[in-house]
Amino acid sequence: MAIQTVAETAKEARDRIRSNIWRGVTSGVAPGYVQANLAILPKEMAFDFLLFCQRNPKPCPLLEVIEPGGIEPALTTPGADIRTDAAGYRVYENGELTAEIDTLDGYWRDDLVSFLLGCSFSFEAAMVDAGIPLRHQEQGKNVAMYITNIPTAPAGVFSGPMVVSMRPIKREQVVRAVQVTSRFPATHGAPIHIGSPTDIGIHDLANPDFGDPIDVLPGEDPVFWACGVTPQAVALNCKPPLMITHAPGKMFITDQRDADYAV
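Residues numbered from 1 in each chain as written. Predicted model: local features only at pLDDT ≥ 70, side-chain atom pairs only at ≥ 80, totals over all residues. Heavy atoms only, no water.

Observations regarding the pairing of strand S7 (residues 161–170)
Moving on, step 1. Most of S7 sits inside the fold, with eight of its ten residues counted as buried.
Moving on, step 2. In terms of strand pairing, strand S6 (residues 144–151) meets S7 through five bridges, oriented antiparallel. Bridge pairing links Tyr146 to Val164 in S7.
Moving on, step 3. Pairing between S7 and strand S9 (residues 220–226): seven bridges, direction antiparallel. Bridging across to S9, Ser165 finds its partner in Trp225. (Buried < 20%, exposed > 50% of the residue type's maximum accessible area, 1.4 Å probe, protein only. Helix = DSSP H or I, 4+ residues; strand = E, 2+ residues; numbered from the N terminus. Pairing = 2+ DSSP bridges.)

Quick notes on the sheet that holds S6
Moving on, step 1. With antiparallel pairing, four strands are arranged side by side in an open sheet as S6-S7-S9-S8. Both outer strands of the open sheet, S6 and strand S8 (193–194), are each paired with one neighbouring strand and no more.
Moving on, step 2. Examined bridge by bridge, S8 and S9 share two bridges and lie antiparallel to one another. Counted as the bridge partner of Ile194 is Val223 from S9.
Moving on, step 3. Together, S6 and S7 form the strand contacts of helix H6 (residues 230–238), whose direction differs from that of S7 by roughly 145 degrees. (Contact = heavy atoms within 4.5 Å. Axes fitted to C-alpha atoms, helices over the stretch in contact; angles between N-to-C directions.)

Observations concerning empty space enclosed by the protein
Moving on, step 1. In the structure shown here, the tally under the stated rule is one cavity of 30 Å³ or more.
Moving on, step 2. Considering only enclosed or pocket space, the largest cavity measures out at about 60 Å³ in volume. (1 Å grid on protein atoms, 1.4 Å probe; cavity = no way out; pocket = protein on both sides within 12 Å on 5 of 7 lines; lining within 4 Å. Points joined across faces, edges and corners; volume = space filled by probe spheres on them.)

A look at helix H2 (residues 43–55)
Moving on, step 1. Here H2 is 13 residues long and its end C-alpha atoms lie 19 Å apart, about the 18 Å a rise of 1.5 Å per residue gives.
Moving on, step 2. Those residues of H2 that are buried lie in contact with strand S1 (33–42), strand S2 (62–66), strand S5 (112–118), H6 and strand S10 (243–246). (Expected span 1.5 Å × (residues − 1).)

Here we look at helix H5 (residues 174–181)
Moving on, step 1. Listed as buried for H5 are Val174, Ala177, Val180 and Thr181. Buried residues of H5, seen end-on, are gathered within an arc of 125 degrees and therefore sit on one face of the element. (Arc of directions from axis to C-beta.)

Overview of the side chain of Thr77
Moving on, step 1. Mapped onto the secondary structure, Thr77 falls in the loop between S2 and strand S3 (89–93).
Moving on, step 2. Thr77 gets classed as buried once you look at its relative accessible area, which sits at 0%.
Moving on, step 3. There is a polar contact of 3.0 Å between the side chain of Thr77 and the side chain of Thr76.
Moving on, step 4. Apart from residues no more than four positions distant in its own chain, Thr77 is found in contact with Arg14, Glu64, Glu72, Phe252, Ile253, Thr254 and Asp255. (Polar contact = N/O pair within 3.5 Å; in protein donor to acceptor, adjacent residues only side chain to side chain.)

Some points on the pattern of salt bridges
Side chains that differ in charge, positive against negative, can pair when their charged atoms come close.
Moving on, step 1. Counted according to the given criterion, the structure contains ten salt bridges.
Moving on, step 2. One salt bridge connects Arg16 with Glu8, and the closest N-O pair in it is separated by 2.8 Å.
Moving on, step 3. Exposure remark for Arg16: the relative accessible area of 23% places this residue in the partly exposed category.
Moving on, step 4. Judged by relative accessible area, which is 12%, Glu8 ranks as buried. (Salt bridge = Lys/Arg side-chain N within 4 Å of Asp/Glu carboxyl O.)

Looking at the packing of aromatic side chains
Moving on, step 1. Following the criterion strictly, the structure yields six aromatic pairs and no others.
Moving on, step 2. Here the aromatic rings of Phe49 and Phe158 are separated by 5.4 Å at their centres, their planes lie at 75 degrees, and the arrangement is edge-to-face. Residue Phe49 is located in helix H2, and its partner Phe158 is located in the loop between S6 and S7; the two are separated by 109 residues in the primary sequence. By the burial criterion, Phe49 is buried, and Phe158 matches it.
Moving on, step 3. An aromatic cluster of at least three residues, connected via ring pairs, comprises Phe49, Phe52, Phe115 and Phe158.
Moving on, step 4. Here Arg167 stacks its cationic end above the ring of Trp225, 5.2 Å away from the centre of that ring. (Phe/Tyr/Trp six-rings, centres within 6.5 Å; stacked < 30°, edge-to-face > 60°. Lys NZ or Arg CZ within 6 Å of the ring centre and 35° of its normal.)

A few points about the side chain of Gln35
Moving on, step 1. Turning to its location among the elements, Gln35 is positioned in strand S1.
Moving on, step 2. Only 3.4 Å separates the side chain of Gln35 from the backbone oxygen of Val29, close enough to count as a polar contact.
Moving on, step 3. Non-local contacts of Gln35, meaning those with residues more than four positions away in its chain, are made with Thr26, Val29, Leu63, Leu117, Gly118, Cys119, Phe121, Ser122, Met251, Phe252 and Ile253.

Focus on the environment of Val29
Moving on, step 1. If you trace the backbone, Val29 turns up in the loop between helix H1 (10–18) and S1.
Moving on, step 2. Taking relative accessible area as the criterion, Val29 reaches 4% and is therefore assigned buried.

A word on unusual backbone geometry
Moving on, step 1. A positive phi angle, close to 65 degrees, is found at Asn20, a residue other than glycine.
Moving on, step 2. Its place among the elements puts Asn20 in the loop between H1 and S1.
Moving on, step 3. Positioned with a positive phi, Lys239 is a non-glycine residue whose angle comes to about 55 degrees.
Moving on, step 4. With respect to the helices and strands, the residue Lys239 is situated in the loop between H6 and S10.
Moving on, step 5. The exposure class assigned to Lys239 is partly exposed, which follows from its relative accessible area of 46%.

Okay, structure coming up:
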């Protein structure tokens, strides 16, 4: 079944999430609004992670930082609650995924600093408007995401491989896909790789590290964008005592409009 684009405001989507009426993959939900990846860390690790984002703007384009203990992303989404309004969360402790949860009740601490990072779901509406089909939406799946052999630039305690998302694009539309997405650098921008997956360390497209497998049909190229799930690969690599993230594909939907971040 295809994912239905839900023509609602970001606040309406967050209200459904907060009320536990709906919690699913947010691709196609509230089209036109900027979606965000989430990384939450103890205060003593926050500067290192901020530096990591500055050194790695493709996978970690920074939208907002919430001060220690703060729950409201006041710059991008006034009135929202970072503890309840993402569609899903993951908890990593010492490099191990220990929980996948709906809210952060029971995990919240006054020393936690929250980072909102741009998400490629934000430019998908522009791709659809440009006539570029998105198979994961058509098939009702999450986008496919892979850990690559592309290293990120280390910062403090943080280092590790870049994660990418993959979308099959008809060969004659690849140039247009690059043009459309390059207008949105705050949500990963243009692809980082087109074509052979093995060139970036991906040996089996049918087995993504996150998300769902998406078929690449004859006449299509796999096109790879930097992905905000990269901090989760970094957590597995660096083993911080605690890192809370969004669940892959289940984003925090901000009140910002895609068009406001276009260049």
